[in-house]
Amino acid sequence: MKKSYLFLCLLLSVTYIFAQQKDYTQETPEQKQKRMQWWTDDTFGMFIHWGLYAVPAGEYGGKTDGAEWIMQSHKIPTPEYESFAKRFNPTKFNAREWVRIAKNGGAKYIVITSKHHDGFCLWDSKVTKYDVMDATPFNRDILQELTDACKAEGMTLGFYHSIMDWHQPDAKSKDPNFAIQPNTQADWAKYRETYLKPQLKELITKYHPAILWFDGEWIPEWTEEQGKDLYNYLRALDPKLVINNRIGKGRKGMEGMNKYENAAGDFGTPEQEILKTGSNDYWESCMTINKNWGYNKNDNNWKSADTLIYNLIDIAAKGGNYLLNVGPTAEGLIPPQSVERLAEMGNWLKVNGEAIYATKNRDTYEQGDSVKFTQSKNGKTIYAILTKKPTGKSITLNSITTAKNAKASLLGSSSAVTTTPEGSGVKITLPENMPGKYAWVIKIES
Ligand code: FHN
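Conventions adopted
- Along each chain, numbering runs from 1 in the same order as the chain's sequence is written.
- Residues qualify for local features only when their pLDDT is at least 70, as the model is predicted, and side-chain atom pairs are given and counted only at 80 or more; totals for whole chains, interfaces and linings, by contrast, use all residues.
- Hydrogens and water molecules were not included; the side-chain quantities draw on all heavy atoms of the structure.
- Under the pairing criterion, centres of Phe, Tyr and Trp rings, with the six-membered ring standing for Trp, must be within 6.5 Å; the plane angle then separates stacked pairs below 30 degrees from edge-to-face pairs above 60, leaving the rest tilted.
- For helices the rule is a DSSP run of H or I covering at least 4 residues; for strands it is a run of E covering at least 2, with both sets numbered from the N terminus onward.
- Accessible area is worked out with a 1.4 Å probe on protein chains only. A residue is then buried under 20% of its type maximum, exposed over 50%, and partly exposed in between.
- Note on criteria: charge over ring means Lys NZ or Arg CZ within 6 Å of the ring centre, with the direction from the centre no more than 35 degrees off the ring normal.
- Axis geometry follows a simple rule: fit a line to the C-alpha atoms, using only the stretch in contact for helices, then measure angles between N-to-C directions, giving values from 0 to 180 degrees.
- Crossings are classed by handedness, with left-handed meaning an anticlockwise turn of the near helix from the far one by less than a right angle and right-handed meaning a clockwise turn.
- Throughout, a contact is declared for two residues whenever any of their heavy atoms are within 4.5 Å.
- Gly is placed with the polar residues, together with every amino acid not listed as nonpolar (Ala, Val, Leu, Ile, Met, Phe, Trp, Tyr, Cys and Pro) or charged (Asp, Glu, Lys and Arg).
- Within this scheme, the nonpolar core is defined by two criteria: the residues are buried Ala, Val, Leu, Ile, Met, Phe, Trp, Tyr or Cys, and they are joined through side-chain atoms within 4.5 Å.
- Two strands qualify as a pair provided DSSP detects at least 2 bridges between them.
- Polar contact is defined as a pair of N or O atoms within 3.5 Å, subject to the rule that within protein one atom must be able to donate a hydrogen and the other to accept it, and that residues adjacent in sequence are counted only when both atoms are side-chain atoms.
- Residues are counted as near a molecule or strand when any one of their heavy atoms sits within 4 Å of it.

S.K.: Please set out the packing of aromatic side chains residue by residue, giving values where relevant.
M.R.: Within the structure shown, the criterion is met by 21 aromatic pairs. Between the aromatic rings of Tyr191 and Tyr195, the centroid separation amounts to 5.8 Å while the plane-to-plane angle is 25 degrees, which identifies the pairing as stacked. With a gap of four residues between them, Tyr191 and Tyr195 both fall in helix H7 (residues 188–207), about one helical turn apart. The exposure class assigned to Tyr195 is buried, which follows from its relative accessible area of 5%. Each residue in the set Trp50, Phe88, Phe93, Trp98, Phe120, Tyr130 and Phe138 is aromatic and connected to the rest through ring pairs, giving one cluster. Positioned above the aromatic ring of Tyr357, the side-chain terminus of Lys108 is 4.5 Å from the ring centre. The ring of Phe373 has Arg362 lying over it, and the distance from NZ or CZ to the ring centre is 4.8 Å.

Here it is as structure tokens:
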């Protein structure tokens, strides 16, 4: 008995040491594809920016243009900002309802801010008292409730986490461009090793997120080398984790893709924009529904459902994912304008989702300004997505060659759709009645 116990301890120790030293950045493309396949197939996620900044709701010092940056953008002294915690009591927060809103919108995963730049933590952290359990009257573990709700509803959950932290003294940059009160005594390594990493270990071991979505990496104290070290640290804790490229310094500004080879992280992160062309790299465009990530009560610049659905189609045709943000109120409610738009997206996806989820992009991903293409992963089915309602009785798709009388259909309709090879393309005869709105999908099976 004793020998086998000792052997087990030895085996576990060796395994742990190996896992700690393995360089996960050296994964093969095939290994990465296998790990990322669920993320690629899911295509559409709901981003949530929620924290103390929802209390001022964009208003401070007579100005109304704040949001999640309000502590820095409106130069709120730390003690005053900390006092928002005493007013953070989102009694209307219902995690199950939030997950249903995401599902109803057709989102297949959720990414929520565990900690934004202000340093406030939405979970019960043992590393700090600046969290929802210790600093607010709410006294509930938001990330635990959301984890439980996602499990119950079959929704995948990820966490956004800011490397930059305006609240931790050792994380305050020495550079006045990156901190309201630069701290020349800041010990960045101490912050990284005794605060940032332990908190991330808490998040992984307690809630088992599928995604870690880093941000705030632009602070001068952070380096690509630290990013690679953190990537290996996190993947050793959970080898299945999917991690964005903002864990290192590789992203090229808001265009979001890597500016050099082998940058740390698994996918590029265009922000408030979509790649201009298709890409076979892993990438996810993150966008707001209005103008702000965090809740701003005066921001009524809501994008239309038409625009949001067009963006989703354009992104899918270019091989990317779409992470669309909601900014809940201090009461714990997702703004109705966001809920309505997500519902419209979900209704469209209920009929046309097979052209978006678990597809892959084509080299020729569009024709003119109103046809986008996706294809099934086996390449046997092509989806021509018409983003403007066709006026004529037929449309010729120049980049598609089909067998004679290839099977074609209009998703959501049982009316006949016929194909006739024409030149190097195919002429699609459309049904007189084209039901639905926003975009129409012709499914062409070879
Ligand atoms: O500074 C953040 C911002 O608050 C927001 O979180 C976006 C969303 O990705 N990222 C940073 C700006 O690039």
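S.K.: Could you give me a rundown of the packing of helix H6 (residues 142–153) against H7, with the residues and numbers involved?
M.R.: At their nearest, the axes of H6 and H7 sit 11 Å apart, and the two run at 35 degrees to each other. H7 is crossed by H6, and the crossing has right-handed handedness. Here H6 contributes Leu143, Gln144 and Thr147 to the contact with H7, which in turn contributes Leu203, Lys206 and Tyr207. Residue classes in the contact of H6 with H7 are distributed as three nonpolar, two polar and one charged.

S.K.: Provide a residue-level description of the nonpolar core, including the pertinent values.
M.R.: In this structure, Leu234 and Trp348 are the most contacted members of the largest nonpolar core, which totals 98 residues. The element contributing the most residues to this core is H7, with eight residues. Apart from residues lying up to four places away in sequence, Trp348 is in contact with Ile309, Ile313, Gly353, Ile356, Ile385, Lys437, Tyr438, Ala439 and Val441. If you look at the next biggest cluster of nonpolar residues, it comprises 18 residues, including Val371, Ile382, Ile395 and Ile444.

S.K.: Please provide a residue-by-residue account of the sheet that holds strand E15 (residues 425–429), values included.
M.R.: Strand order in the open sheet formed by three strands is E12-E15-E14, with antiparallel pairing between adjacent strands. Two strands close off the open sheet at either side, each with one partner strand: strand E12 (394–397) and strand E14 (418–422). Strand-to-strand twist of the sheet, defined as the mean angle between neighbouring strand axes without regard to direction, takes the value 25 degrees.

S.K.: Report on the side chain of Arg246, specifying residues and quantitative values.
M.R.: As for its placement among the helices and strands, Arg246 is situated in the loop between strand E5 (242–243) and strand E6 (284–288). Given the relative accessible area of 0%, Arg246 is considered buried. Polar side-chain contacts of Arg246 include one of 3.0 Å to the side chain of Asp215. At 2.8 Å, the side chain of Arg246 forms a polar contact with the backbone oxygen of Thr269. When neighbours within four sequence positions are excluded, Arg246 is seen to be in contact with Ile163, Trp213, Phe214, Asp215, Glu217, Arg251, Thr269, Glu271 and Cys286.

S.K.: Pulling in residues and values, what's your account of unusual backbone geometry?
M.R.: For Asn139, which is not a glycine, the phi torsion comes out positive at approximately 55 degrees. Summarising the element assignment, Asn139 is placed in the loop between strand E2 (109–115) and H6.

S.K.: Please give an account of the site of the ligand that cites residues and values.
M.R.: The local shell around the ligand holds 15 residues, among which His49, Glu68, Trp69, His117 and Asp215 are the closest. His49 places a polar side-chain atom, nitrogen or oxygen, 2.7 Å from an oxygen atom of the ligand. Here an oxygen atom of the ligand sits 3.4 Å away from a polar atom, N or O, in the side chain of Tyr160. Looking at the shell around the ligand residue by residue, the classes come out as eight nonpolar, three polar and four charged.

S.K.: Mind laying out the environment of Gly248, listing which residues take part and the relevant values?
M.R.: Locating Gly248 in the fold gives a position in the loop between E5 and E6. With a relative accessible area of 0%, Gly248 lands in the buried category.

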